[in-house]
Amino acid sequence: MALIFRTDAARAAAWGEAFKRQMPALDLRMWDEPGEIADIEFALVWKPPRGVLRTFANLKAIFSIGAGVDHLFSDPELPEGVPVVRMVEPELTRGMTEYIVLHVLRHHRRQREMEANQRAEKWEMISVPTAPSRKVGVMGLGELGGAAALALTALEFDVAGWSRSPKEFPGVECFHGDFGMDAFLARTEILICLLPLTAETEGILNAELFAKLPKGASLINAARGGHQVEEDILAALDRGQLSETTLDVFREEPLPAGHPCWRHPRVTITPHNASLTDPDGAVRQVIENIQRIRRGEPPSNIVDSKAGY
Ligand code: NDP
Ligand code: OXD
C-alpha cells in the first residue's frame, strides 16, 4: 500500500515530515517519482494534472489537500467510483475565521480610507456605525462559513447566512436556496463569499447580484476566483454600487501583471492565502481515513460527487 502526494514545492518538506512523524511505516511516494503504480492506493493532491489520477488503477481514495475540490472535479477523467475526500482541519478553519474577521473589521471601520488619508497626511474624522447595526452576510454556511459567521456574532455584528439547504446557527439569520437569496442580499452591507465552486455557483458574484445589495455594500471573496466576474466587480466599484472589495482569489492565479485589480484604489488583494492547510492536522485526518477504509468503513468528509462539494 502506497500514498502518492502532490503539493507545491515550498510546502512538500513539511508534509513529508508530518507523515514521517505520524506514520513512519507509510510508503510515501512523491508525484514525480511514483514507482510501481500498482502499489498506489491513496492520493493526497492539490491541482493534479488532468488525466493522471485515472492511471492509478488501484486507487481507494483521493484526498484533497484543500477544503475545495473543484481542482479535482475539473478533471474530466477523474476515476469514477473512487471516493473524493475534502479537507476539514481545525487550523484551516481558524485561519479562515481570522481572515474574515480581519477584513470585515477593515471594511466596517473604513480602514482603507484612513490608510489613504495617512499617506496624504490628511487628518479626517471618519465615524463608523456600531457593530450591532452593521449587517454582514455570509454566502456558504459550511465548515468555514459557519465558523466565520459565529465569530462575527461574537463581535455582535448583525449576521445572516445563505446556504443551499436550511440551516440553524445561534444568532445568525439563516436564508437558503434561490428563494431566500434576494432577501439575504437586500439586507447585507458586507458580503462574504465562502461557497464551493460548482456549476451552480460559477460566476455568482456578478452585476445582477451586486444590484440586489444596498448601494455602497462591500465584498470579500475568499472562496474561488471562478465565483467572481471581475469586470462586473470593477464596474460596480466605479459606479459606487460596491464601496470596496477584498479578493483572495482570482480567475487567473497568480494574478497577471497589469490586471486592473492590482492598482484599483478600492481593491485589497491577498495571494490566495486566506487560510492554508496545516500539514500536521491534515495528515492526522488522512491517516484516520486510511484506517477507516482498511476497516471497510467509509472515510469521513467524503464529497457528494453529484453536488460537487
Ligand atoms: P463546505 O462544503 O463545508 O460548505 C459549503 C457551503 O456552501 C454549505 O453551507 C453549502 O450549503 C453552501 N452551498 C453550496 N452550494 C450552494 C448553492 N448552490 N447555493 C447556496 N449555498 C450553497 O465548504 P467549506 O466551508 O469547507 O469551504 C468553502 C470553500 O472555501 C471551499 O470550497 C474553497 O473553495 C474555499 N476555500 C478557500 C481558501 C482560501 O485560502 N482562499 C481556503 C479553504 C477553502 P449546504 O450547507 O446546504 O450544503
Ligand atoms: C482550499 C484552498 O480549498 O486553500 O483549501 O483554497
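Here, the structure is the one placed above.
This one's a predicted model, so the numbers in the text were calculated from it and none came from an experiment. (Residues numbered from 1 in each chain as written. Chains lettered and ligands numbered in written order. Predicted model: local features only at pLDDT ≥ 70, side-chain atom pairs only at ≥ 80, totals over all residues. Heavy atoms only, no water.)

Turning our attention to the side chain of threonine 198. You can see threonine 198 is positioned in the loop between β9 (190-193) and α7 (207-211). Judged by its relative accessible area of 13%, threonine 198 falls in the buried class. If we ignore the near neighbours within four places in the chain, the residues touching threonine 198 are Ala307, Gly308 and Tyr309. (Helix = DSSP H or I, 4+ residues; strand = E, 2+ residues; numbered from the N terminus. Buried < 20%, exposed > 50% of the residue type's maximum accessible area, 1.4 Å probe, protein only. Contact = heavy atoms within 4.5 Å.)

This next bit is on the site of ligand 2. Taken together, Trp46, Gly66, Ala67, Gly68, Arg224, His272 and Ser275 form the complete shell of residues around ligand 2. A distance of 2.7 Å separates an oxygen atom of ligand 2 from a polar backbone atom of alanine 67. Note that an oxygen atom of ligand 2 is positioned 2.8 Å from one of the backbone N or O atoms of glycine 68. For ligand 2, whose unbound accessible area comes to 210 Å², protein coverage reaches 85%. Within the shell around ligand 2, the residues separate by chemical class into two nonpolar, four polar and one charged. (Near = heavy atom within 4 Å. Polar contact = N/O pair within 3.5 Å; in protein donor to acceptor, adjacent residues only side chain to side chain. Areas by Shrake-Rupley, 256 points an atom, 1.4 Å probe, with all protein chains shown as cover. Nonpolar A, V, L, I, M, F, W, Y, C, P; charged D, E, K, R; others polar.)

The five strands are arranged β2-β1-β3-β4-β5 in an open sheet whose pairing can be described as parallel. Looking at which strands have only one partner, the edges of the open sheet turn out to be β2 (27-30) and β5 (84-85). Here helix α1 (residues 9-22) sits on the sheet and contacts β1 (2-6), β2 and β3 (40-45); the angle it forms with β1, its principal contact strand, is near 155 degrees. (Pairing = 2+ DSSP bridges. Axes fitted to C-alpha atoms, helices over the stretch in contact; angles between N-to-C directions.)

The final tally for this structure, using the stated rule, is 19 salt bridges. Taking the shortest distance from any N to any O, the salt bridge between arginine 224 and aspartate 70 comes out at 3.0 Å. Of this pair, arginine 224 sits in the loop between β10 (217-221) and α8 (230-239) while aspartate 70 is found in helix α2 (residues 70-73), placing the two residues 154 residues apart along the sequence. With a shortest N-O distance of 3.7 Å, lysine 122 and glutamate 124 are connected by a salt bridge. (Salt bridge = Lys/Arg side-chain N within 4 Å of Asp/Glu carboxyl O.)

This part is about the side chain of glutamate 230. Assignment of secondary structure puts glutamate 230 in helix α8. At 2.9 Å, the side chain of glutamate 230 forms a polar contact with the backbone nitrogen of arginine 251. Beyond its immediate sequence surroundings of up to four residues, glutamate 230 is in contact with Phe250, Arg251 and His259.

One way to put it is that α1 packs onto helix α10 (residues 279-294) with a least axis distance of 9 Å and a crossing angle of 50 degrees. What the angle tells us is that α1 and α10 run oblique. Two packed elements cross with a definite hand, and for α1 against α10 that hand is right-handed. Where α1 approaches α10, its residues Arg11, Ala14, Trp15, Ala18, Phe19, Arg21 and Gln22 are matched on the opposing element by Pro279, Asp280, Ala282, Val283, Arg284, Val286 and Ile287. (Parallel < 35°, antiparallel > 145°, perpendicular 65-115°, else oblique. Left-handed = near helix turned anticlockwise from the far one by under 90°.)

Bringing the site of ligand 1 into the picture now. In the vicinity of ligand 1 there are 29 residues, among which Arg86, Ser165, Lys167, Asp248 and Tyr309 approach most closely. Within the contact set of ligand 1, an oxygen atom lies 2.9 Å away from a backbone nitrogen or oxygen of glutamate 143. Contact between ligand 1 and glutamate 200: a nitrogen atom at 2.9 Å from a side-chain N or O atom of the residue. Contact with the protein chains covers 92% of the free accessible surface of ligand 1, which is 940 Å². Counting residues per element, the shell around ligand 1 draws most heavily on helix α5 (residues 143-154), which supplies three residues. Classifying every residue of the shell around ligand 1 gives 13 nonpolar, nine polar and seven charged. A domain-level breakdown of the shell around ligand 1 finds at least three residues from each of domain 1 (2-89 + 277-294) and domain 2 (90-269). (Domains from an automatic or database assignment.)

This paragraph deals with the nonpolar core. Grouped together as the largest cluster of nonpolar side chains are 28 residues, with contacts concentrated most on Met139, Leu191, Leu205, Leu209 and Phe210. Secondary structure elements with two or more residues in this core: β7 (158-163), α6 (177-186), β9, α7, β10, α8 and β11 (242-247). Per-element accounting of this core gives the leading share, four residues, to α8. Beyond its immediate stretch of four places on either side in the chain, leucine 205 contacts Met139, Leu191, Cys193, Phe210, Leu219, Asn221, His227, Gln228 and Val229. Listed in part, the 23 residues of the second largest apolar core include Val101, Val104, Val136 and Val159. (Core = buried A, V, L, I, M, F, W, Y, C linked by side-chain atoms within 4.5 Å.)

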